[in-house]
Amino acid sequence: MTRLRLGLALLALLALAAIAAPLLEGWTGRDAFAPDLFARYAPPSAEYPLGADELGRDLLLRLLHGARVSLGVGVAAALAAALLGTAIGLLAAWRGGWVDAALMRLADGLLALPALPILVLLAAVDPAALGLPRGALATDMLRITGILVLFGWVGVARLARATAITLLASDYVRAARALGVTEAGVLWRHVLPGLAAPVAVASALAVAGAILAESVLSFLGLGIQPPVPSWGNMLANAQEAVFAAPLAAVWPGLAILLAVAACALVADGVARRR
Amino acid sequence: MLRMVALRLPQIALTLALLSLAAWFAIGLMPGDPASLALVSDPRLTAEDAARLRALHGLDQPLMARYLAWAGALLRGELGYSRLYAQPVADVLWPALRSTLVLVGSAVGLAALAGVALGGLAALRPRLAPLVDAVALLGQAMPGFWLGILLIILFAVWLGWLPAGGAPPPGEAGWPFLVLPVATIAFGQMAAYARHAAAALSAELHRPFITSARARGAGEGRILWRHALPNAGVPLLTLLALDAGALVSGALVTETVFARPGMGKLLYDSVMGNDYNLALLALLLVALVTMLATLAADLAQRWLDPRIGER
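Everything quoted here is computed from the prediction, not taken from an experiment. (Residues numbered from 1 in each chain as written. Chains lettered and ligands numbered in written order. Predicted model: local features only at pLDDT ≥ 70, side-chain atom pairs only at ≥ 80, totals over all residues. Heavy atoms only, no water.)

Helices and strands together make up the secondary structure of chain B, namely 12 helices and two strands. Shown N-terminal to C-terminal, the secondary structure of chain B runs as helices and strands in the order α-α-α-α-β-β-α-α-α-α-α-α-α-α. In terms of overall dimensions, chain B has C-alpha extents of about 90 × 55 × 35 Å along its principal axes. In chain B, which comprises 311 residues, the proportion classed as buried is 43%. For chain B, the share of sequence-separated contacts (at least 6 apart) that also reach a separation of at least 24 residues comes to 74%. Roughly 15,700 Å² of accessible area belongs to chain B as shown, and the carbon and sulfur atoms make up 69% of that amount. For chain B, the separation between the mean place of its 22 positive charges and that of its 18 negative charges on side chains is 13 Å. (Helix = DSSP H or I, 4+ residues; strand = E, 2+ residues; numbered from the N terminus. Buried < 20%, exposed > 50% of the residue type's maximum accessible area, 1.4 Å probe, protein only. Contact = heavy atoms within 4.5 Å. Areas by Shrake-Rupley, 256 points an atom, 1.4 Å probe, with all protein chains shown as cover. Lys, Arg positive; Asp, Glu negative; His and termini not counted. Charge placed at Lys NZ, Arg CZ, Asp CG, Glu CD.)

Here is the structure:
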């Protein structure tokens, strides 16, 4: 219980930070994108609470802006993966037979593959070839989210399938069927609610995984493209300046650590409550 | 066991075939074929030259025909050349694979030792369990590349004890270059091992056969080593089997952070450098190694616990 509260509080704090980014910008009169070459690698001070980066941009403002991108991608990817995974798991459990076998072999195959090398390969795909504008933030976010969903649904689907199979064999489902409830009704009214808890656990873990994966891809230069800040690409910049401003590498990593730990705490808390 | 191998090998082959097809078409969507790259790098080349180059290398053929030609050559054992390194692909792949296996192997060994030690501590001294939990959470949530950067700042920038990364120059000892990357991967892996070792060990220590061993007068050390640990090892092997893919991914990030030559860095550099033949073959090799490692872990698990039936 305390884990759940702690995790949710941390997440709320991070979400607040993401919302506060433009407010703080308005208040200080600076924005996260305007370079100031006189303030390159400025040490932490009253003006720059966390210092400035290699173009003299305020690290605190960029960190807050990064929260919007990182949390946005993480939550969007996890939600989409949870929806897709639940649908596929439910379908596999309900239809059984060769549909089940085919879907689960697909899941096994995806799980056996090393995800990151494939993500790297996919992230290099030219968005223009798919008819999307190149270099826009929305395109980047959509692309990363899509790639993460491609691998993210597997965990949810396996859990949802396992739970749905037990639920479908339960007496109350048989009773509902005997009473003439349609198959859609059975799935919607009697099976889906029972999936909520395991799917919630898997989704919380998926948010953590998506935030980590997005930061890794952005760190490698394949995710969110500069000048838009994300925690991952801020760390990539910080590594290049590791001799000039070692502290710049601390904050984005700490933010990722907090976000992922918060999600893990929520997942753990929900799992223990059951 | 033989039946399982016979069942799994075709599955691995099919996965590889599907993966290569999917990756081939994904690569078809990437910017810049070799001819247009040549056009960019050499201003004297005309559009006609580029068209002739395309015809010469078969780049004017449809994607599927090119895939079939490539796959046919691969099955005959012709790996082709790397554009980026101007060497046969095999000469580039094997040293990289060896380097990555050394890195991942040492990291897994260290992670398993440290994880089991931590987990054992938590199981034997329940008061320390929250501490182990916290360390495990930290290891799970810590992005590997961030830990790598922090280690570089601490040991290479401030203390200057170890190199910040790169490859050992020929003739010099390789281990100083291995310490930080191994520590980076091992810390992330250790967390999961510690958690599972703690759970498995404390479950085993409450079993009747432990009580009976104790009643027969077996020492606590013998109970731990001979009776509890082997049984607790089974879930750890399961974890290892599930983690094979994550380990390769971890190697990719870690190798990039430390600029250490290996499969991950090779794959990244080849994708970035538009060396698609090398990228594709490196991806397939990584996938093959991952799946074989998973299979080996499954076999080991069955050997340790014969009760796990053949599915």
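Moving on to empty space enclosed by the protein. Residues and elements named next belong to chain B. Tallying each qualifying case throughout the model produces two cavities of 30 Å³ or more. In this structure, the second largest cavity spans a volume of roughly 30 Å³. As for the second largest cavity, its lining consists of Pro163, Ala164, Gly165, Pro176, Phe177, Leu180, Pro181 and Phe258. (1 Å grid on protein atoms, 1.4 Å probe; cavity = no way out; pocket = protein on both sides within 12 Å on 5 of 7 lines; lining within 4 Å. Points joined across faces, edges and corners; volume = space filled by probe spheres on them.)

The next thing to look at is the interface of chain A and chain B. With 40 residues of chain A at the interface, the matching set in chain B holds 41 residues. Buried area between chain A and chain B, both sides added, is near 3,500 Å², and the carbon and sulfur share of it is 82%. Among the residues of chain A in contact with chain B, Leu121, Leu220 and Leu257 of chain A are the three that bury the most area, contributing 17% of the side total. Inspection of the region where chain A meets chain B yields zero salt bridges. (Buried area = accessible area lost by both parts, 1.4 Å probe. Salt bridge = Lys/Arg side-chain N within 4 Å of Asp/Glu carboxyl O.)

Below, the discussion takes up the domain arrangement of chain B. All names here are of chain B. Domain assignment breaks chain B into domain 1 (2–89) and domain 2 (90–310). Buried surface at the junction of domain 1 and domain 2, both sides included, amounts to about 2,600 Å², of which 71% is carbon and sulfur. It is Met4, Ile12 and Val89 that lose the most area in domain 1 upon contact with domain 2, and together they represent 22% of the buried surface on that side. The set of elements that each furnish at least two residues to the side of domain 1 that touches domain 2 consists of helix H1 (2–28), helix H4 (63–75), strand S1 (81–82) and strand S2 (87–88). (Domains from an automatic or database assignment.)

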